[in-house]
Amino acid sequence: MVRVVNDARILARALADPASIAGLDAEGWTALLAMARAEQLIGTLAMRVDGVAMPAAVKAILDDARDAAEQGRRAALWEAEMARRALAAVDCPVVLLKGTAFVAAGLSAGQGRSIGDLDILVPRESIDTVEAALLAAGWEWVKPDPYDDAYYRRWMHELPPLIHRERDRMIDVHHTILPLTARITPNPVALIDGSVALENGLRTLSPNGMLIHAAAHLFADGDLAGGLRNLWDIRCLVEEFGTDGLAADARRHGLSAQVARSLRIVDTLFGAGEATGIDRLYVRRVTARDGWGGPTRPVTRLAFYIRSHWLRMPPAMLARHLWTKFRKT
Amino acid sequence: MPDALYRGPPEDGLLIAPLDAFTAVYHRASGITHLLTEPAPQILAMLQEGSLSLGALLDRLERDYDLADGTREALAARLDELIEAGLVARL
Amino acid sequence: MRHAFSVRIGPVGFRIGSDWRAPIAALKTLYRDYPGPRDGVADFTVRLFARRPWRRFVRPSVEIGGDYMLPEAAPLPLSQGLLAAEMAMNLQMALGARRYLLLHASAVERDGRAVLMTGISGAGKSTLATLLAAKGWRFMGDEFALLDPATGLVHAFPRLISLKNEGIAAAEAAWPAARMGPLMRATPKGDIRHMVPDARAIAAMDTPATPALLVFPRYGFAAETRPVPPAEAFIRMTQASTNYVGLGEAGFRGLTGLIAQVPSVAIDYPDGTSAIAQVEALWSAL
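Keep in mind the model is a prediction, meaning the values are calculated, not measured.

Peer 1: Can you break down the overall build of chain B residue by residue, with the values?
Peer 2: What chain B contains, in helices and strands, is three helices and six strands. Counting from the amino terminus, helix and strand elements in chain B follow one another as β-β-β-β-α-β-α-α-β. Taking 91 residues into account, the globule formula puts the C-alpha radius of gyration at 12 Å, and chain B, at 12 Å, falls close to it. Counting only C-alpha atoms and orienting by the principal axes, one finds that chain B spans roughly 35 × 25 × 20 Å. Split into buried and exposed, the 91 residues of chain B put 25% on the buried side. Of all intrachain contacts in chain B linking residues separated by at least 6 positions in sequence, the fraction that spans at least 24 positions is 48%.

Peer 1: Would you mind going over the overall build of chain A in detail, with residue names and values included?
Peer 2: The number of helices and strands found in chain A is 15 helices and seven strands. Here chain A holds 329 residues, and 44% of them are scored as buried. Residue pairs at least 24 apart in sequence account for 64% of intrachain contacts in chain A once pairs closer than 6 positions are excluded.

Peer 1: Report on the interface of chain A and chain C, specifying residues and quantitative values.
Peer 2: On the side of chain C, 18 residues touch chain A, which itself brings 17 residues to the contact. Of all the elements, helix 4 (residues 56-87) of chain A adds the most residues to the side of chain A that touches chain C, at eight residues. Residue composition of the side of chain A that touches chain C, grouped by class: ten nonpolar, four polar and three charged.

Peer 1: Can you tell me about the interface of chain A and chain B, naming the residues and giving the values?
Peer 2: Often the size quoted for an interface is simply the accessible area lost on bringing the parts together. With seven residues of chain A at the interface, the matching set in chain B holds six residues. Taken together, the residues of the side of chain A that touches chain B break down into three nonpolar, two polar and two charged.

Peer 1: Go over the sheet that holds strand 15 (residues 210-219) of chain C with me, naming the residues and quoting the values.
Peer 2: All names here are of chain C. Strands sit in the order 9-7-8-15-17-16 across an open sheet of six strands; the sheet is mixed. Every interior strand has two partners, whereas the edge strands, strand 9 (138-141) and strand 16 (224-227), have only one. Averaged over all pairs of adjacent strands, the angle between strand axes in this sheet comes to 25 degrees, irrespective of strand direction. Direction of pairing for strand 15 relative to strand 17 (residues 264-269): parallel, over a ladder of six bridges.

Peer 1: Account for the sheet that holds strand 3 (residues 22-27) of chain B, with residues named and values stated.
Peer 2: Residues and elements named next belong to chain B. Taken together, three strands build an open sheet; the order of strands is 2-3-4 and the sheet is antiparallel. Of all strands in the sheet, those with a lone pairing partner are strand 2 (14-18) and strand 4 (32-37), marking the two edges. Taking the axes of each pair of neighbouring strands and ignoring which way they run, one obtains an average angle of 25 degrees across the sheet. Both strand 2 and strand 3 contribute to a ladder of five bridges, which runs antiparallel. Bridge pairing in strand 3 links isoleucine 16 to valine 25. Set on the sheet, helix 1 (residues 40-48) makes contact with strand 2, strand 3 and strand 4; between it and strand 4 the angle comes to about 115 degrees.

Peer 1: Describe the confidence of the model for chain B, listing the residues and the values that go with them.
Peer 2: Across chain B, the average pLDDT comes to 89, with 92% of residues at 70 or higher. Of the two predicted TM-score estimates for the complex, the pTM is 0.91 and the ipTM is 0.92.

Peer 1: With reference to specific residues and values, describe the packing of helix 2 (residues 54-65) of chain B against helix 3 (residues 72-84) of chain B.
Peer 2: Residues and elements named next belong to chain B. In contact at an axis separation of 10 Å, helix 2 and helix 3 are set at 105 degrees when each is read in the N-to-C sense. Considered as vectors, helix 2 and helix 3 are oriented roughly perpendicular to each other. In contact with Leu54, Leu57 and Leu58 of helix 2, helix 3 contributes Arg72, Leu75 and Ala76. Here the contact of helix 2 with helix 3 is composed, by residue class, of five nonpolar, no polar and one charged.

Peer 1: So what's going on with the pairing of strand 1 (residues 3-9) of chain C? Residues and values would help.
Peer 2: Residues and elements named next belong to chain C. Pairing between strand 1 and strand 2 (residues 12-18): seven bridges, direction antiparallel. Each bridged residue has a counterpart across the sheet, and for isoleucine 9 the counterpart in strand 2 is valine 12. Linkage of strand 1 to strand 2, two consecutive antiparallel strands, is achieved through a turn of two residues, within which glycine 10 is found at a positive phi near 60 degrees.

Peer 1: Give a detailed account of the environment of Gly152(C), specifying residues and quantitative values.
Peer 2: All names here are of chain C. Here glycine 152 is to be found in the loop between strand 10 (145-147) and strand 11 (154-155). Judged by local crowding, glycine 152 falls into the partly exposed class, with 16 C-beta atoms found within 10 Å. Each C-alpha atom of the pair glycine 152 and tyrosine 100 lies 10.0 Å from the other, and the pair is 52 residues apart in sequence.

Peer 1: With reference to specific residues and values, describe the packing of helix 1 (residues 9-16) of chain A against helix 2 (residues 26-38) of chain A.
Peer 2: All names here are of chain A. Running from N to C, helix 1 and helix 2 point in directions that differ by 90 degrees, and their axes come no closer than 9 Å. On the basis of their axis angle, the class for helix 1 and helix 2 is roughly perpendicular. Counting all contacts with helix 1, which are made through Ile10, Leu11 and Ala14, the residues of helix 2 involved are Leu32, Met35 and Ala36. Grouping the amino acids of the contact of helix 1 with helix 2 by side-chain chemistry returns six nonpolar, no polar and no charged.

Peer 1: Kindly report on helix 3 (residues 125-134) of chain C, identifying the contributing residues and their values.
Peer 2: All names here are of chain C. Most of helix 3 is tucked away: nine of the ten residues are buried. Among the residues of helix 3, Lys125, Ser126, Thr127, Leu128, Ala129, Thr130, Leu131, Leu132 and Ala133 are the ones counted as buried. Just downstream of helix 3, glycine 136 is the residue with a positive phi angle, here 105 degrees.

Peer 1: I'd like a description of helix 13 (residues 278-286) of chain A, backed by residues and values.
Peer 2: All names here are of chain A. Within helix 13, burial applies to Tyr282, Val283 and Val286. In an axial view of helix 13, the angular spread of the buried residues amounts to 100 degrees, which keeps them on one side of the axis. Of the surrounding secondary structure, the elements contacted by the buried residues of helix 13 are helix 10 (227-241) and helix 12 (256-270).

Peer 1: Tell me about the nonpolar core, residues and numbers included.
Peer 2: In this structure, Ile120(A), Leu116(C) and Ala145(C) are the most contacted members of the largest nonpolar core, which totals 197 residues. The dominant element in this core, judged by the number of residues it contributes, is helix 4 of chain A, at 16 residues. No fewer than three residues from each of domain 1 (3-96) and domain 2 (101-285) of chain C sit in this core. Those residues in contact with Leu116(C) that lie beyond four places of it in its chain are Leu103(C), Ala105(C), Ala107(C), Ala145(C), Val154(C), Pro211(C), Leu214(C) and Val215(C).

Peer 1: Describe the environment of Leu131(C), naming the residues involved and giving the relevant values.
Peer 2: Along the chain, Leu131(C) falls in helix 3. Once the C-alpha coordinates of Leu131(C) and Ala170(C) are considered, the two residues, 39 residues apart in sequence, prove to be 8.0 Å apart.

Peer 1: Describe the pairing of strand 14 (residues 190-195) of chain C, with residues and values.
Peer 2: All names here are of chain C. Of the pairings in the sheet, the one linking strand 12 (residues 161-164) to strand 14 comprises four bridges and is antiparallel in character. Paired with isoleucine 161 across the two strands is methionine 195, which belongs to strand 14. For strand 13 (residues 180-187) and strand 14, the ladder comprises four bridges, and the chain directions are antiparallel. Opposite leucine 183, over in strand 14, you have arginine 193 as the bridge partner. Between strand 13 and strand 14, which pair antiparallel one after the other, the connecting turn spans two residues.

Peer 1: Describe the environment of Arg2(C), naming the residues involved and giving the relevant values.
Peer 2: Within the secondary structure layout, Arg2(C) lies in the segment before strand 1. The spatial distance from the C-alpha of Arg2(C) to the C-alpha of Ala177(C) is 33 Å, given a sequence separation of 175 residues.

What counts, and where the lines are drawn
- Residues numbered from 1 in each chain as written.
- Chains lettered and ligands numbered in written order.
- Predicted model: local features only at pLDDT ≥ 70, side-chain atom pairs only at ≥ 80, totals over all residues.
- Helix = DSSP H or I, 4+ residues; strand = E, 2+ residues; numbered from the N terminus.
- Rg over C-alpha atoms; globule rule 2.2 N^0.38 Å.
- Buried ≥ 20, exposed ≤ 12 C-beta atoms within 10 Å, placed from the backbone.
- Contact = placed C-beta atoms within 7 Å.
- Nonpolar A, V, L, I, M, F, W, Y, C, P; charged D, E, K, R; others polar.
- Pairing = 2+ DSSP bridges.
- Axes fitted to C-alpha atoms, helices over the stretch in contact; angles between N-to-C directions.
- pLDDT = per-residue confidence, 0-100.
- Parallel < 35°, antiparallel > 145°, perpendicular 65-115°, else oblique.
- Arc of directions from axis to C-beta.
- Core = buried A, V, L, I, M, F, W, Y, C linked by C-beta atoms within 7 Å.
- Domains from an automatic or database assignment.

Right under this line is the structure:
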């Protein structure tokens with residue numbers, strides 16, 4: 001069966017309905033794999049299509065992807081464990097975020113997921129103690145530039161990046177989930193209060209908390225690079241936990257529109273929904289990938305990149321920030 | 001005042017390959033490969049049977065491995081290195 | 001992508017796409033005797049692309065991309081498009097290979113057993129492999145040797161041989177009838193010329209071998225041979241392998257197994273003739 005491949009909707013379909021890709025030809029499989037790799041979704045794809053008839057060469061590639069995801073899972077959980085040991089003496093909740101949280105809690109969103117740095121959320125009042133404990137346990141700053149550092153500390157939602165000197169892995173320590181300069185200000189205290197304890201004492205956000213964080217990260221912070229993976233996370237969370245009380249929680253954090261939009265787009269990409277209005281632009285953006293794994297739709301991409309900076313910083317601040325950076329270069 | 005206890009990886013938590021003066025150790029939980037010299041492999045072997053205090057560890061090392069020049073300070077320093085490497089935790 | 005080519009080198013299939021015809025034409029010519037990817041599905045995709053549409057024509061510069069990319073990678077001029085393709089393929093292997101432990105080593109085989117030669121750029125592993133192959137050894141690869149952690153066997157990866165600087169003349173002298181790519185001067189790695197492995201190497205690419213000798217060559221010194229202690233060999237091999245860490249337990253078992261079963265020897269050599277004699281002497285003494 002020949003299928004014309006012009007964007008990543010074919011990848012979304014394959015994830016949502018694995019049986020639908022039985023009968024894909026060599027060219028179709030090649031394109032699907034390239035897209036999946038480009039979107040950091042090949043481990044997820046491997047888990048989802050396990051058991052579907054496929055050429056031996058494809059099975060070998062997907063088996064490798066599963067192994068790689070398993071290796072990544074192990075490394076991510078180890079980073080979390082080392083952070084736990086370093087922060088054991090600090091008397092504050094340590095909440096895992098994103099991919100590490102999914103695998104630590106054994107969620108379906110974690111299956112086959114590629115995981116990058118360790119992200120944790122701690123109360124703002126504990127941030128200095130947490131920083132000191134991490135530095136004492138072998139983490140060090142990535143960038144020593146004082147301006148960037150001052151900007152970061154004052155305005156961003158996280159410490160400047162830290163990397164462990166032996167293991168060479170990064171940790172991002174957040175005290176809220178969006179930059180303080182962003183136009184939306186979610187309530188980190190409520191998120192931490194609603195968090196759930198794991199067996200080892202680390203915590204994750206509640207299911208609604210994870211959904212709200214994913215939507216915030218996707219729509220109110222980013223330029224939507226990696227959007228397809230984040231939308232799949234949301235789809236998995238909804239499948240596993242449902243949406244009870246989600247609208248009310250989202251309202252409390254000022255993220256009603258973002259959460260609602262993410263659910264609509266999840267339904268469009270992975271369900272039976274049809275996007276309308278602005279949603280269609282978002283769908284275009286997150287599926288802007290060709291059969292070679294390359295980015296497409298440059299105008300749409302640029303529009304979202306500009307938008308993401310506009311969201312992070314009010315215009316006057318953005319101008320000052322860019323001016324100062326310009327003066328230094 | 002009771003000594004702190006030191007805990008190592010569980011029985012199947014390590015793969016061990018002696019090379020020469022160095023031993024290559026693969027730590028399954030972390031996926032990290034360590035190259036260790038005496039007495040670190042012996043310390044890890046002792047701890048596999050259960051957590052031990054500094055004093056108990058020193059006694060067993062002297063008795064079982066004939067590591068005669070051990071002192072509490074030297075052993076504590078080796079244990080700190082193993083803690084930083086993630087192989088040992090102080091309870 | 002406008003122009004495309006697919007090829008299998010040993011167990012690894014590649015799909016290479018390009019905004020320009022020339023690099024693809026060069027690959028098609030030089031790899032003409034190689035098979036295609038298994039089941040028509042490549043393991044890795046490579047893209048040679050122009051950063052902006054007009055850069056296809058104005059001061060054309062080839063960006064290297066694919067399944068795995070390095071954000072800081074500098075582009076190459078179109079005249080070095082073949083080099084860009086080879087570097088891109090290396091990058092996919094270095095960052096993405098999982099089925100085999102990737103050893104940064106050349107390899108030649110005799111009677112089912114292999115010599116692996118490992119070292120930094122300039123140590124001479126490509127040239128040595130080429131010279132030994134001219135003396136009757138079967139050429140397995142000049143850049144990567146693929147170690148199967150489950151079996152301990154080494155698999156061939158006979159891509160185009162990347163000859164640099166003085167190595168070019170030495171290889172041309174040893175293989176006067178070999179098919180060669182264009183001579184590329186003043187690349188980031190010096191003068192480079194690619195040589196197509198001989199027909200025997202291509203025909204035997206799917207036949208693995210048992211590693212029997214691990215050599216650490218060093219070019220430009222008086223001839224000397226000395227054993228390398230196991231721990232040192234182990235450390236040097238982990239540094240020489242881009243996927244040792246990613247392979248986890250399998251990598252550990254594969255590499256410690258290799259070091260335990262195979263003698264490691266450092267060779268200092270003043271010229272190719274001397275090196276060949278030293279390797280042959282070590283081989284006879286096994």
